[in-house]
Amino acid sequence: MTLELETIPCLSDNYAFLVHDRKSGATALFDAPETWPIQRELEKQGWQLTHIFITHHHADHIDAVADLVAAYHPEVIGAARDAHRLPPLDTEVAPGDTYDLWGRQLWVLDAAGHTTGHIAYYLPRLGAAFTGDSLMALGCGRLFEGTPQMMWDSLTRLAALPDDTLICSGHEYTAANGRFAATVEPGNPALKDRIAQTAKARAMDTPTVPSALGLEKATNPFLRAGDPGLKAGLGMADAADVEVFAHIRGAKDGFKG
Ligand code: ZN
Ligand code: FE
């Protein structure tokens, strides 16, 4: 494997990700929350920033783009449908596109829901998906702009990736997400185990992101809205998957945990 993945904590609870190609020396950044932690990592590693991929338009994912463009002149890539509210893009992409990243395929996936223009990126060669505020560790983004159907479709698309895919999501919300998830599926042993592991990791200030998709499928209540046991537990055995998802999303919005 000539690709290397670095997770960079930014701001209070954001993550940015660097993917470095050892062969060419080129480096791609996925989301740009804050300049100095990203710049410090690039300098520490001696890496040249060549690409910035943006998942969505929120400030905590784009604020460092201008500084990094001025310092490194990378190509900036984002969703055509959100170009009017993203930093200036060199390359506009759309869901269903594949982007050639150093001779490797990078898939562009529709990840709408949190915002209507949100996209995700999947790099099969690395086995990693950059999901921003769509699918998150033990959670999913709040529906600021999109409908439950949009987010459910986005989660379903992401769930179809291989189980060992690393879900590189935008925030360290896992502990709080776990407190909520336990109210949805109190009897899920994999969830109990994950909550305990999360507490241990956070006590040592270790990131819980990225996480494996297979673990999300076993524990993340938003991905599990179609599970018959989960549905029955909520008294929604006969409801459509998307209705169950909408119910769980609504409950999380009102959750004070
Ligand atoms: Zn966001
Ligand atoms: Fe965010």
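Residues numbered from 1 in each chain as written. Chains lettered and ligands numbered in written order. Predicted model: local features only at pLDDT ≥ 70, side-chain atom pairs only at ≥ 80, totals over all residues. Heavy atoms only, no water.

Caption draft 1: Spotlight on the side chain of Glu185. Mapped onto the elements, Glu185 comes out in the loop between helix H5 (174-184) and helix H6 (189-203). At 3.0 Å, the side chain of Glu185 and the side chain of Asn188 are in polar contact. Excluding its chain neighbours within four sequence positions, the residues that come into contact with Glu185 are Leu191, Arg224, Asp227 and Leu230. (Helix = DSSP H or I, 4+ residues; strand = E, 2+ residues; numbered from the N terminus. Polar contact = N/O pair within 3.5 Å; in protein donor to acceptor, adjacent residues only side chain to side chain. Contact = heavy atoms within 4.5 Å.)

Caption draft 2: Representation of the coordination of the iron ion (ligand 2) within the structure. Coordination of the iron ion (ligand 2) by the protein is provided by Asp60 (OD), His61 (NE2), Asp133 (OD) and His171 (NE2), with metal-donor distances spanning 2.1 to 2.4 Å. What the 4 donor atoms of the iron ion (ligand 2) show is an angle range of 83 to 172° at the metal, which sorts the shape as irregular. One chain supplies every donor to the iron ion (ligand 2), and in sequence these donors are spaced D-H-x71-D-x37-H. (Donors = N, O, S within 2.8 Å, 3.2 Å for Na, K, Ca; no water. Tetrahedral: all angles 85-135°; square planar, octahedral: opposite > 155°, others 65-115°.)

Caption draft 3: Representation of the pattern of salt bridges in the model. According to the stated counting rule, one finds 15 salt bridges in the structure shown. The partner of Glu185 in a salt bridge is Arg224, and the shortest N-O contact between them spans 2.8 Å. With a gap of 39 residues between them, Glu185 in the loop between H5 and H6 and Arg224 in the loop between helix H7 (213-219) and helix H8 (228-233) connect regions that are remote in the sequence. Note that Arg194 is salt-bridged to Glu216, the shortest N-O span being 2.6 Å. With Arg194 in helix H6 and Glu216 in helix H7, this residue pair connects regions lying 22 residues apart in the sequence. The class for Glu216 is buried, based on a relative accessible area of 0%. (Salt bridge = Lys/Arg side-chain N within 4 Å of Asp/Glu carboxyl O. Buried < 20%, exposed > 50% of the residue type's maximum accessible area, 1.4 Å probe, protein only.)

Caption draft 4: Examining the environment of Phe30 more closely. Relative to the assigned elements, Phe30 resides in strand S3 (residues 26-30). On the basis of relative accessibility, which here comes to 1%, the residue Phe30 falls in the buried class. Distance in space between the C-alpha atoms of Phe30 and His61 is 8.8 Å, their sequence separation being 31 residues. Those residues in contact with Phe30 that sit more than four places away from it in its chain are Ala16, Phe17, Val19, Phe53, Leu106, Tyr121 and Phe130.

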